[in-house]
Amino acid sequence: CEKAIAHGWQLGTHGLPLMGTGDWNDGMNTVGSEGRGESVWVASEFVTKLYSSVSFEDLNGFDAKYLFDSGASIFDLLKSKGNKKHAISYYKQSADSEYAVLEIVNDDAPFLVDSITNEFKLRQIDINLICHDMFVVKRDKKGVFECFDQNGSKEYVIQIHIPNRFHDEFSK
């Protein structure tokens, strides 16, 4: 499951992960043979794990496409982190987006969530959504993401959604 997610996150024309081809007898052997077959399953597995620490009530006010796009963004950051101790991204999904998103991928450091949320409280910035999870990642010697692997290194993913009105303050 995790290897399928790791290798399957190339997006197709509808914004879903491409699924490639399957075994000759599984009925899916030619679905992705021309680079067009997309998989809702691969996308939902990663996004489900990412948002597993968030209650349904907290997710309820968010559009599914917004959450999927946010999941794709943090996955790209996870893949691009390389051998660095951390990677950080801050963005708005669109000019009219209600939220700005802070993303952090860090070597296993869950205490960071408390430090960041306390800083937002000190600045009187509401947090609309926060999700975090630990992934075990295998990278090659150059730090290139290979797959999710229980024998890999722990990397902690944090995603914080705040009101868009603070975007200019933090993007400096």
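Since we're looking at a predicted model, the values are computed, not measured. (Residues numbered from 1 in each chain as written. Predicted model: local features only at pLDDT ≥ 70, side-chain atom pairs only at ≥ 80, totals over all residues. Heavy atoms only, no water.)

**Side note on the overall build of the protein chain**
Selection rule: By definition, any uninterrupted DSSP run of H or I lasting at least four residues is a helix, any uninterrupted run of E lasting at least two residues is a strand, and each is numbered from the N terminus. Only protein chains enter the accessibility calculation, which uses a 1.4 Å probe; a residue is then buried when its area is under 20% of its type maximum, exposed when over 50%, and partly exposed in between. We call two residues in contact when some of their heavy atoms are within 4.5 Å. Computed by Shrake-Rupley with a 1.4 Å probe, the accessible areas treat only the displayed protein chains as cover when residues are assessed.
Summing up its helical and strand segments, the protein chain has 6 helices and 5 strands in all. Ordered by position from N to C terminus, the α and β elements of the protein chain give α-α-α-α-β-β-α-β-β-β-α. A total of 172 residues make up the protein chain; the buried ones form 42% of that total. Put simply, 63% of the contacts in the protein chain that link residues at least 6 apart link residues at least 24 apart. When the accessible surface of the protein chain is summed, it comes to about 9,900 Å², and 51% of that surface belongs to carbon and sulfur atoms.

**Structural notes on the packing of aromatic side chains**
As a reminder, the rule being used: Only Phe, Tyr and Trp rings are paired, with Trp represented by its six-membered ring, and only when their centres lie within 6.5 Å; those with planes under 30 degrees apart are stacked, over 60 edge-to-face, the remainder tilted. Ring-over charges, as used throughout, are those where CZ of Arg or NZ of Lys falls within 6 Å of the ring centre and within 35 degrees of the ring normal.
Applying the stated criterion across every chain, the model contains 4 aromatic pairs. Their ring planes at 20 degrees and their centres at 5.7 Å tell us that F62 and Y66 sit as a pair that is stacked. Judged on exposure class, the residue F62 and its partner Y66 are both buried. Between F62 and Y99, the aromatic rings sit 4.8 Å apart at their centres with planes inclined by 35 degrees, giving tilted as the arrangement. Residue F62 is located in the loop between helix 3 (56–59) and helix 4 (64–80), and its partner Y99 is located in strand 2 (residues 99–107); the two are separated by 37 residues in the primary sequence. The residues F62 and Y99 share a single accessibility class, namely buried. K49 extends its terminal NZ or CZ atom over the ring of F135, reaching a point 4.8 Å from the ring centre.

**Thoughts on the sheet that holds strand 2**
Under the convention used in this document: Being paired, for any two strands, means DSSP has found at least two bridges between them. For helices, the axis comes from a line fit to the C-alpha atoms of the stretch in contact; other axes are also lines fit to C-alpha atoms, and the angle between any two N-to-C directions lies between 0 and 180 degrees.
Taking strand neighbours across the sheet as the criterion, the 5 strands line up as 1-2-5-3-4 in an open arrangement whose pairing is antiparallel. Since the sheet does not close on itself, it has two edges, and those belong to strand 1 (86–92) and strand 4 (145–148), each with one partner. For this sheet, the mean angle separating the axes of adjacent strands, direction not counted, is 30 degrees. In this structure, strand 2 lies alongside strand 5 (residues 153–163), joined through 9 bridges in antiparallel fashion.

**Side note on the pairing of strand 5**
Counting buried residues along strand 5, 9 of its 11 residues qualify, which places the element largely inside the surrounding structure. With 9 bridges connecting them, strand 3 (residues 129–139) and strand 5 associate as antiparallel partners. Along strand 5, the bridge assignment pairs V136 with K154.

**Quick word on the confidence of the model for the protein chain**
Selection criterion: Note: pLDDT gives the predictor's confidence per residue, expressed from 0 to 100.
Summarising the model, the protein chain shows a mean pLDDT of 79, and 70% of its residues fall at 70 or more. Between the elements of the protein chain, mean pLDDT differs from a low of 53, seen in helix 1 (residues 2–7), to a high of 92, seen in strand 2.

**Description of the nonpolar core**
In plain terms, the rule: Grouping buried Ala, Val, Leu, Ile, Met, Phe, Trp, Tyr and Cys residues that are joined through side-chain atoms within 4.5 Å yields what is termed a nonpolar core.
Core analysis: the largest hydrophobic core is formed by 26 residues, its most contacted members being Y51, L78 and F148. Only helix 2 (40–50), helix 4, strand 1, strand 2, strand 3 and strand 4 provide two or more residues apiece to this core. A per-element tally of this core places helix 4 first, with 7 residues. Each residue touching L78, except ones within four places of it in the same chain, is listed here: V105, V137, R139, F145, F148, E155 and V157. Counting residues in each nonpolar core, the second largest holds 12 residues, with I104, F120, I158 and I162 among its members.

**Brief notes about helix 5 (residues 111–122)**
Note the following rule: Each residue after the first adds 1.5 Å to the expected span of a helix. Note that the arc is computed from the directions linking the helix axis to the C-beta atoms.
Under the 1.5 Å per step criterion, the end-to-end length of helix 5 is 17 Å for 12 residues, consistent within 8% with the ideal 16 Å. All of the buried residues along helix 5 are L112, V113, I116, T117 and F120. The arc that holds the buried residues of helix 5, viewed along the axis, is 125 degrees, so those residues lie on one side. Seen from the buried face of helix 5, the exposed residues on the opposite side, beyond 90 degrees, are F111, D114, K121 and L122. Directly after helix 5, the chain includes Q124, whose backbone phi takes a positive value near 55 degrees.

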